[in-house]
Amino acid sequence: MAAKMTEQQASPEGRPEAGPEAGKEAREFREYCRRWLEENRPPPTETPLPQASYEVTYDDHRAYLCDWQAKCYEAGLIATDVPKVYGGHGYDNFQSIASDEVRRSKVPYFLNWIGLGMVAPTLLIHGSEEQKKRFLKPIFSAEEIWCQGYSEPGAGSDLVSLQTSAVKDGDQWIINGSKVWTSLGSLASWMLLLARNDKQDKYNGITCFLLPIDQTGVTVRPIHKMTGECGFCEVFFENAIVADDLRVDDVGAGWKVAMSTLTSERGAATGVGAVTHTESPLSSVKELIELAKTTKRNGVPVWDDPVWRDRIVKLYIRIEAIIQHARRAPIEAINGGAMRLPLQGKVVGSEIGQDLNATALGVLGMQSSLYVGDEHAVRNGRWPLGYMNSYTGTISGGSSEIQRNILGERILGLPKTK
Amino acid sequence: MAQPQDFGFDDDIVMLKDAANRFLGQRQTLVQLRSSLAGTEDPYRGKEREGWYDPAAWQEMVDLGWAMLAVPESAGGLGLGLVAAVAIQEEIGRAACPTPLSSTLQATFVLKEAQADAHLAKIAEGSTMALALFGEDGTPDADSTTVTADGNKLSGTSCYVQDAQKVDGFIVAAKAPEGLGLYWVSKESVTIHRARIVDLTRDQARIEIEDVEAEVIAEPGSGEQVMARALPALLTLLAADMAGAAEWQLQTTADYAKLRVQFERPIGFFQAVKHPIVNMMIAADETRSLVYNAACAYDHDPEDALRCARMAKASASETAAFCSNRSTQLHGGIGFTWESDVQIYHKRQMHSQFLFGDASWQRQKLAELL
């Protein structure tokens, strides 16, 4: 929780300052966010933005989204609860209100989601004072885009097997090896890197670094996903250099640092304001119902087919359950333990999302074969595209299978599967 | 209408729920239930089974105020809402407790919607009653009743009546020329034919009503509306019971997977066992969140109550089927035996799944609202 700062900072007109009277303040802040977002909604892009921020590839989208994120940051919608001394806005527990309103208003997402969702929370917990002052503000404003260098060809779900090496050389480290599935790799100037400083000690032999990407020892190569979009990259290190003062926490503390970062990624934490999607599950299922009512087969709406209708209503119910989870999770007496519902968030959300998209393909029937760019494609191929992209949710950031291990072990106390 | 973010789950309800959990844990109902079942096991050659419950425990529940929980203060009750009733019912389900409380809580909400204060006052004093709504084919709709009313005289047969052996009287749905009415009849005025049922924790009967003088609860023609308003509460109470039972099934199966060793490891080590147990948790949690939402909607946003209750019962029926299936399967041979408590919960859930309509029925009705 961010400490309240006393110093004054220029703020856009109408934004209430942090202070006591939490209830009234919170209401006013929500009002302010809503109004600001309504008045500052950016015009649409020339070519449509991808469905999620991790699929952004092109420079025009990058420029547009960086500009948008900077505006939202200045307005106080990002880094809302971060102390002012680190470039934040110094509120107490208002981030969730701001993020709520961003999602609700269906404005574009924030491009620097790894920076906001993972790097900034990591730095706030593990970073040195200098690192926080140097790096946080440009993350918030999207002046510097970040990627994350965790997964490797031989270390995906089994992250601790990573082999990229870090060898100390005076006051710097020499990095060799490669990373893969690096989202935003082609747009980023910095990487939150995990590298192995000790081959003998599996868990205590990993160190975390802040690595500058624009150097001769680093090569970034885009990977195209099954959708054809460039979703992520491979990154190769050949004697890449990172200064020792860009090390996060102690030598060998990388696994501990990574675990706290992954909690930000896997948990429900909004961190410092990362919003990666503009479509909520509820809006998607309502759209699916609309699709079923308007799509006809043999002259009859698909919605009138009880088999399809039943399948859609099942999804509708599960999505309502997710929404109600958010309501139940903070209530100690009925949440079954603090982490039980938050840790289910990723696996449940991503699997329902996948099912929802797959169901839409069924509703569309042969029309689901029409892809992006076909003039007859429903919503420019949004559904087949969304279906394929849904595997990002069920695989990345700890696959559904790993999530179930974590849930079984951490929540239900079942024996560890190593 | 605005709903409280915390479902209205205030400190008093938390205390009530905790107390219920402790009380039902101490009573060891299933131990007593088992001794009542001795000799009745074999469905072909065993003794006839009575609908068993612990009258002493019931009296204590009355003394604790559970029976009058949702009775309005004007009728001598505590005046609490459905969220409070659901908190208790969830614990009843977790304990798989045979008790007239389940039916009596349901009756309370029907009486409330009918503004039948005189009968509500009887509940506040410890009287018990059950709903007699359904016809022969069990269509989960009060409309399906085949009982008819001629003035205050009722005739016909009401089927699938729950807790019939445990209660003092019945709220009967009957058709009159003006439409559906609701009536109260005492257990002495009707013939109760006990059904042989799968569930060991309930009893069920068909009640035969022959020209019986009844007390009017809802005038003919107003019964549909009363039942429509009460239905969300009935569905939600049942779903809460099922959520509680599902949580028991989850925890018991997880515990067993930590203890049972095969291939030199507790079986919970193996992902083929671990992952389905996690899926039980995911299912149970979805139901639970939907149950609180539905209870809160009934208390604070009646317009939306039916939509929320259909979701809760649909989810509860799916969860009950899944958790029952996995709990027996993952217990292996022992889970298939009479000796294991797993079978008691499995059968209670089988019964609950279909009461007031199964998942596909609820989804079909829900679709009409979307």
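Computed from a predicted model, the values in this text were never measured in an experiment.

Cut-off values and rules
Residues numbered from 1 in each chain as written. Chains lettered and ligands numbered in written order. Predicted model: local features only at pLDDT ≥ 70, side-chain atom pairs only at ≥ 80, totals over all residues. Heavy atoms only, no water. Helix = DSSP H or I, 4+ residues; strand = E, 2+ residues; numbered from the N terminus. Polar contact = N/O pair within 3.5 Å; in protein donor to acceptor, adjacent residues only side chain to side chain. Contact = heavy atoms within 4.5 Å. Expected span 1.5 Å × (residues − 1). Buried < 20%, exposed > 50% of the residue type's maximum accessible area, 1.4 Å probe, protein only. Patch = residues over 30% accessible without salt bridge, like charges linked within 9 Å, V, L, I, M, F, W, Y side chains within 5 Å. Areas by Shrake-Rupley, 256 points an atom, 1.4 Å probe, with all protein chains shown as cover. Salt bridge = Lys/Arg side-chain N within 4 Å of Asp/Glu carboxyl O. Lys, Arg positive; Asp, Glu negative; His and termini not counted. Charge placed at Lys NZ, Arg CZ, Asp CG, Glu CD. Domains from an automatic or database assignment. Buried area = accessible area lost by both parts, 1.4 Å probe. Axes fitted to C-alpha atoms, helices over the stretch in contact; angles between N-to-C directions. Parallel < 35°, antiparallel > 145°, perpendicular 65-115°, else oblique.

Tell me what's going on with the side chain of arginine 310 of chain B, and back it up with residues and numbers.
Residue and element names in this part refer to chain B. By secondary structure assignment, the location of arginine 310 is in helix 9 (residues 302-331). At 2.8 Å, the side chain of arginine 310 forms a polar contact with the side chain of glutamine 362. Contact partners of arginine 310, with chain neighbours within four places excluded, come to Leu231, Leu235, Trp361, Gln362, Lys365 and Leu366.

Now, about unusual backbone geometry: what can you tell me, with residues and values included?
Located in the positive-phi region is asparagine 239 of chain A, a residue other than glycine, with phi close to 50°. Here asparagine 239 of chain A is to be found in strand 7 (residues 230-243). Positive phi outside glycine occurs at phenylalanine 263 of chain B, with the angle close to 50°. With respect to the helices and strands, the residue phenylalanine 263 of chain B is situated in the loop between strand 9 (261-262) and strand 10 (265-266).

Hey, could you go over helix 9 (residues 345-364) of chain A for me, with residue numbers and the actual values?
All names here are of chain A. Compared with an ideal rise of 1.5 Å per residue, which puts 20 residues at 28 Å, helix 9 spans 28 Å between its outermost C-alpha atoms and is within 8% of the ideal. Counting buried positions over the 20 residues of helix 9 gives 14, a clear majority of the element. Phi turns positive one or two residues past the end of helix 9, at glycine 365, with a value near 60°.

Describe a negative patch on the surface, listing the residues and the values that go with them.
A surface patch of like charges, here negative, comprises Glu130, Asp169, Asp171 and Asp245 of chain A. Turning to its location among the elements, glutamate 130 of chain A is positioned in helix 5 (residues 129-140).

If you had to explain the domain arrangement of chain A to someone new, which residues and values would you point to?
Residue and element names in this part refer to chain A. We note that the domain assignment places domain 1 (22-144), domain 2 (147-266) and domain 3 (281-411) within chain A. For domain 1 versus domain 3, the separation of C-alpha centres amounts to 26 Å. In this assembly, five residues from domain 1 lie in contact with seven residues from domain 3. When the two sides are added together, the surface that domain 1 and domain 3 hide from each other amounts to roughly 390 Å², 46% of it contributed by carbon and sulfur. On the domain 1 side of the interface with domain 3, the three residues burying the most area are Gln51, Tyr54 and Glu55, jointly 82% of the side's total. Counting the contacts that link domain 1 with domain 3 gives zero salt bridges.

Can you lay out the packing of helix 4 (residues 82-94) of chain B against helix 8 (residues 271-300) of chain B for me, pointing to particular residues and giving the numbers?
Residues and elements named next belong to chain B. Contact pair helix 4 / helix 8: the axes reach a minimum separation of 8 Å and the direction vectors enclose 150°. If you check the angle between helix 4 and helix 8, you find them roughly antiparallel. The segment helix 4 lies against helix 8, with Leu82, Val83, Val86 and Glu90 engaging Arg288, Val291, Tyr292, Ala295, Cys296, Tyr298 and Asp299.

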